[in-house]
Amino acid sequence: MFHPRTAERRGLHISFLGMDGIGKSTLSEQLVAELRGSGLTVTPVTWRSCLDADLPAWPQQALRTLWMDTFRLLFGGAVHRDEHVILPERYEDWTAQRSEDQLGRLRATASSPSGPLAAALVEFAGNVVLHAEVIRPALERGEVVVQETFPYKHVLKEYLLASELTAANANSPYSSDEVDFLFAPVEAFFGGGALSPDVGILVDGPAELALRWRIGQSGAVGVLEDLRTAGRPGDEGFIALQSASARRFHAFAQKYGWIVHTVRDAPVEENVQRGLDLVLAEIVRARPSWSLTPSGTNFRAS
């Protein structure tokens, strides 16, 4: 996808979309190395990395608060060992207690539908701040901004969790149609609004392959990678959430003109090289004046 506003900027915003474990991070890392090898100034950006980066109090304080609020809402109403899940208020306590790791070990009951739905909106708000205060200034400085994960993915997963809980709860405060109605403008803002990247790449593949790679890499699925807050943890919850996400990713990519890189059950080097060739060709199309000379020899398996 080549965003028409690119001509107004000196930099370029590149972002990847896809299931958890499907290889986005590895491809993103190799793209950063390739672009830097061509002499470009490249800035990898994730919300998580900004939490402890050298940023001024604004926007860092807001990004930290919204980050923690997202998790608090996702587990809103959940019960572990007969007690409601309570998370730290202060960021210093959050990091000292390794709160996200603790959440990954919980065996909690399902959240209230209102929690993940509110979390999706907080996630959206955090990325509005991230884009305005971190990404856009980097672009205006002429840098290439690379996001290993387009934040639409996280908002979508929280929306899907809310939908799952709504469908399973006869006493849900919302109907499925109401949840869909709320999510539609958020999705449109990601697709065609200010948050959309100049070059968007959907990394696609089977959910079963993503699960195998994720287990091989981390030993377990992450706290936001399955349906545990909807009462379906583990491999089955991972496949269900990732498959539902992939269907929406396809529709999103088709509607907003993202390019698609399909991974195969093949050596990681092969998948990465095909992905790099595809992405670099799109960058050259977006920035024909840039002298990109991909070597194809810089790959390092991580």
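Reading guide: rules and limits
Residues numbered from 1 in each chain as written. Predicted model: local features only at pLDDT ≥ 70, side-chain atom pairs only at ≥ 80, totals over all residues. Heavy atoms only, no water. Helix = DSSP H or I, 4+ residues; strand = E, 2+ residues; numbered from the N terminus. Pairing = 2+ DSSP bridges. Axes fitted to C-alpha atoms, helices over the stretch in contact; angles between N-to-C directions. Contact = heavy atoms within 4.5 Å. Phe/Tyr/Trp six-rings, centres within 6.5 Å; stacked < 30°, edge-to-face > 60°. Buried < 20%, exposed > 50% of the residue type's maximum accessible area, 1.4 Å probe, protein only.

**Quick word on unusual backbone geometry**
Point 1. For the bond running from Trp58 to Pro59, omega is 20°, close enough to zero to count as cis.
Point 2. Take Pro59: it is sitting in helix α3 (residues 57-74).
Point 3. Backbone geometry at Arg81 places phi at a positive 55°, although glycine is not the residue there.
Point 4. Its place among the elements puts Arg81 in the loop between β3 (79-80) and β4 (83-84).

**Looking at the sheet that holds strand β7 (residues 259-262)**
Point 1. The sheet built from 5 strands is open, its strands ordered β2-β5-β1-β6-β7 with parallel pairing. Edge positions in the open sheet fall to β2 (42-44) and β7, since each of these has one partner strand only. Sheet twist, expressed as the average angle between the axes of neighbouring strands with direction ignored, equals 20°.
Point 2. Bridge count between strand β6 (residues 199-204) and β7: 4 bridges; the pairing is parallel. Bridging from a neighbouring strand, Asp204 pairs with Thr262 of β7.
Point 3. Contacts from helix α1 (residues 24-37) reach β1 (12-18), β2, β5 (144-147), β6 and β7, with the element oriented near 160° to β1.

**Examining the packing of aromatic side chains**
Point 1. Throughout the structure, instances matching the rule amount to 15 aromatic pairs.
Point 2. Pairing Tyr159 with Phe183 gives two aromatic rings, centres 4.2 Å apart and planes at 10°, and the pair type is stacked. In this pair, Tyr159 sits in helix α7 (residues 152-168) while Phe183 sits in helix α8 (residues 176-192), placing the two residues 24 residues apart along the sequence.
Point 3. With a relative accessible area of 5%, Tyr159 lands in the buried category.
Point 4. The structure contains a cluster of three or more aromatic residues connected by ring pairs, namely Phe124, Phe150, Tyr152, Tyr159, Phe183, Phe189, Phe190, Phe249, Phe252, Tyr256 and Trp258.

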